[in-house]
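Residues per chain are reported as follows:
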Amino acid sequence: MNPFTQHPTSINETYLQHMWAALRISGSMLAAGLACAVHSVFPFLFTNYANRTVQRLHEFYQKRFHQ
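Summarised in this report is the structure supplied together with it. (Residues numbered from 1 in each chain as written. Predicted model: local features only at pLDDT ≥ 70, side-chain atom pairs only at ≥ 80, totals over all residues. Heavy atoms only, no water.)

What to know about unusual backbone geometry
Then comes step 1: In the Ramachandran plot, Asn12 falls in the positive-phi region, its phi being about 60 degrees despite a non-glycine side chain.
Then comes step 2: Of note, Asn12 is situated in the loop between helix H1 (6-10) and helix H2 (15-41). (Helix = DSSP H or I, 4+ residues; strand = E, 2+ residues; numbered from the N terminus.)

See the structure below:
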């Protein structure tokens, strides 16, 4: 089987659907990581950003795999 489509097919997605989801997730995680780095220096900024991101990603995964 094609290595580009084997995993996406196993979770009932096309290559492009999987690519978009992975990019969305990675963008959210990168933004949360950056917010955490800023928060480490300026603890009054981004006090809940990472927590909300993790909750949003958890909800996304629940909907994606438990429908």
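Some words on the packing of H2 against helix H3 (residues 49-65)
Then comes step 1: It is at 9 Å that the axes of H2 and H3 come closest, and there the two elements cross at 160 degrees. With respect to their mutual orientation, H2 and H3 come out roughly antiparallel. Every pair of crossing elements has a handedness; the one defined by H2 and H3 is left-handed. Across the interface between the two elements, His18, Ala21, Arg24, Ile25, Ser28, Met29, Ala31, Ala32, Ala35 and Cys36 from H2 touch Tyr49, Ala50, Thr53, Arg56, Leu57, Phe60, Tyr61 and Arg64 from H3. (Axes fitted to C-alpha atoms, helices over the stretch in contact; angles between N-to-C directions. Parallel < 35°, antiparallel > 145°, perpendicular 65-115°, else oblique. Left-handed = near helix turned anticlockwise from the far one by under 90°. Contact = heavy atoms within 4.5 Å.)

A look at the packing of aromatic side chains
Then comes step 1: Tallied over the full model, the rule gives four aromatic pairs.
Then comes step 2: An angle of 70 degrees between the planes, with centres 5.9 Å apart, marks the rings of Phe42 and Phe44 as edge-to-face.
Then comes step 3: For Phe42, a relative accessible area of 40% translates into the label partly exposed.
Then comes step 4: Accessibility expressed as a relative area gives 60% for Phe44, which makes it exposed. (Phe/Tyr/Trp six-rings, centres within 6.5 Å; stacked < 30°, edge-to-face > 60°. Buried < 20%, exposed > 50% of the residue type's maximum accessible area, 1.4 Å probe, protein only.)

Some points on a positive patch on the surface
Then comes step 1: A grouping of Arg24, Arg52, Arg56 and Lys63 is seen on the molecular surface, where their side chains present a positively charged patch.
Then comes step 2: It is H3 that provides the largest number of residues to the positive patch, a total of three residues.
Then comes step 3: Examined against the element boundaries, Arg24 turns out to sit in helix H2. (Patch = residues over 30% accessible without salt bridge, like charges linked within 9 Å, V, L, I, M, F, W, Y side chains within 5 Å. Areas by Shrake-Rupley, 256 points an atom, 1.4 Å probe, with all protein chains shown as cover. Salt bridge = Lys/Arg side-chain N within 4 Å of Asp/Glu carboxyl O. Lys, Arg positive; Asp, Glu negative; His and termini not counted. Charge placed at Lys NZ, Arg CZ, Asp CG, Glu CD.)

A word on the pattern of salt bridges
Then comes step 1: In total, this model carries one salt bridge according to the counting rule given.
Then comes step 2: For Arg64, the salt bridge goes to Glu13, with nearest N and O atoms at 2.8 Å. Separated by 51 residues along the polypeptide, Arg64 in helix H3 and Glu13 in the loop between H1 and H2 bring together distant segments of the chain.
Then comes step 3: Judged by relative accessible area, Glu13 falls into the buried class, the value being 16%.

What is shown is where atoms sit, not what they do.
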